[in-house]
Amino acid sequence: MALTNHTPEDKVQQIFDHIAPQYDHMNSVISLGTHRIWRQNVMRSMTIKRGDFALDLCCGTGDWTLALAKAVGPAGHVVGLDFSGVMLTQATAKVRTAKLEDRITLRQGDAMQLPYPDNSFNVVTIGFGLRNVPDANQVLREMARVVKPGGQVVCLETSQPANPIVHAGWQLYFGHLVPLMGRVVAHHYQAYNYLQQSTHRFVSVDELATMFRAAGFVNVHYQQFNLGAAAVHFGTKPY
């Protein structure tokens, strides 16, 4: 896979454009199928309700967008935003299959400069995307800006286990096996090597909780999955 663009943002966008057709399959392989269980657990813990307006950032192929749309019902609406047009093409097909076009809008855009007014959404989510943006703090500030007072923000992301023994196994898996699986299953070693590197570079669960508070959220808490290999963070915009 040749990455011809020069900026980091262009490089990341090219990576996700290239892997979009295999993205769902590779997520299942990498997480051993547990990413769906993580998302189901997160949905049960969220405050989302019928009639809400939700924004799903870095929506990818739309799995969380669809789950949110089912939760808000016909009276609500969900916007799925992603910078990869190829990912959104995959998401569009899923929305049509689910017959949820009436309550989902898919839009290409930048999570660091959201094209929405202040206080627009009841819920804002981001799944496995915060570690891939140029400035995670800026994205959190934008999430804080567009969510309504009393609204909830939710971030589901890969993480780093604190237990030394578990962390050693995690390093072996993500550092060596994940890129090899990317080569064998998706034929994109470089892309999945980047994904494991972004996971290694990302902040700890406690550091991300601190970033949530710095962005202005209250009631910040998190839950870890798979012995710390992933975590979900919750925050609320104060009134």
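Bear in mind that the values here come from a model prediction, so they are computed numbers and not experimental data. (Residues numbered from 1 in each chain as written. Predicted model: local features only at pLDDT ≥ 70, side-chain atom pairs only at ≥ 80, totals over all residues. Heavy atoms only, no water.)

Student: Sorry if this is basic, but what is going on with the confidence of the model for the protein chain here?
Tutor: Should the pLDDT be low somewhere, the predicted coordinates at that spot are not to be read in detail. Averaged over every residue, the pLDDT of the protein chain is 85; residues scoring 70 or more account for 74%. Contacts for the low-pLDDT stretch residues 1-6, under 50 throughout, to residues beyond four places or in other chains number 13 contacts. (pLDDT = per-residue confidence, 0-100. Contact = heavy atoms within 4.5 Å.)

Student: What's the story with the sheet that holds strand β6 (residues 218-225) in this structure? I'm lost.
Tutor: To summarise the sheet geometry, strands pair through backbone hydrogen bonds and adopt either a parallel or an antiparallel arrangement. Taken in spatial order, the seven strands line up as β3-β2-β1-β4-β5-β7-β6 in an open sheet, and their pairing is mixed. Two strands in the sheet have a free side with no partner beyond their single neighbour: β3 (104-108) and β6. Shown here is a sheet whose adjacent strand axes are inclined to one another by a mean of 15°, direction ignored. In terms of strand pairing, β6 meets strand β7 (residues 230-236) through six bridges, oriented antiparallel. Opposite Phe-225, over in β7, you have Ala-230 as the bridge partner. Taken strand by strand, helix α5 (residues 85-98) contacts β2 (77-82) and β3, and its axis lies near 170° from that of β3. Sheet strands in contact with helix α6 (residues 136-146) are β1 (53-57), β4 (121-127) and β5 (147-158), and its direction is about 150° off that of β5. (Pairing = 2+ DSSP bridges. Helix = DSSP H or I, 4+ residues; strand = E, 2+ residues; numbered from the N terminus. Axes fitted to C-alpha atoms, helices over the stretch in contact; angles between N-to-C directions.)

Student: In this structure, what is going on with helix α4 (residues 63-72)? I would like to understand it.
Tutor: Every α-helical turn comprises 3.6 residues, leaving residues that sit three or four positions apart pointing alike. Trp-64, Thr-65, Leu-66, Leu-68, Ala-69 and Val-72 are the residues of α4 that are buried. Positive backbone phi, approximately 75°, marks Gly-73, located one or two places after α4. (Buried < 20%, exposed > 50% of the residue type's maximum accessible area, 1.4 Å probe, protein only.)

Student: Looking at this structure, I do not really get the packing of α6 against helix α9 (residues 205-214). What am I missing?
Tutor: Relative orientation of the contacting elements α6 and α9 amounts to 45°, with a least axis distance of 9 Å. Taken together, α6 and α9 sit at an angle that is classed as oblique. Regarding α6 and α9, the two cross each other, and that crossing is right-handed. Across the interface between the two elements, Ala-136, Asn-137 and Leu-140 from α6 touch Leu-208, Met-211 and Phe-212 from α9. (Parallel < 35°, antiparallel > 145°, perpendicular 65-115°, else oblique. Left-handed = near helix turned anticlockwise from the far one by under 90°.)

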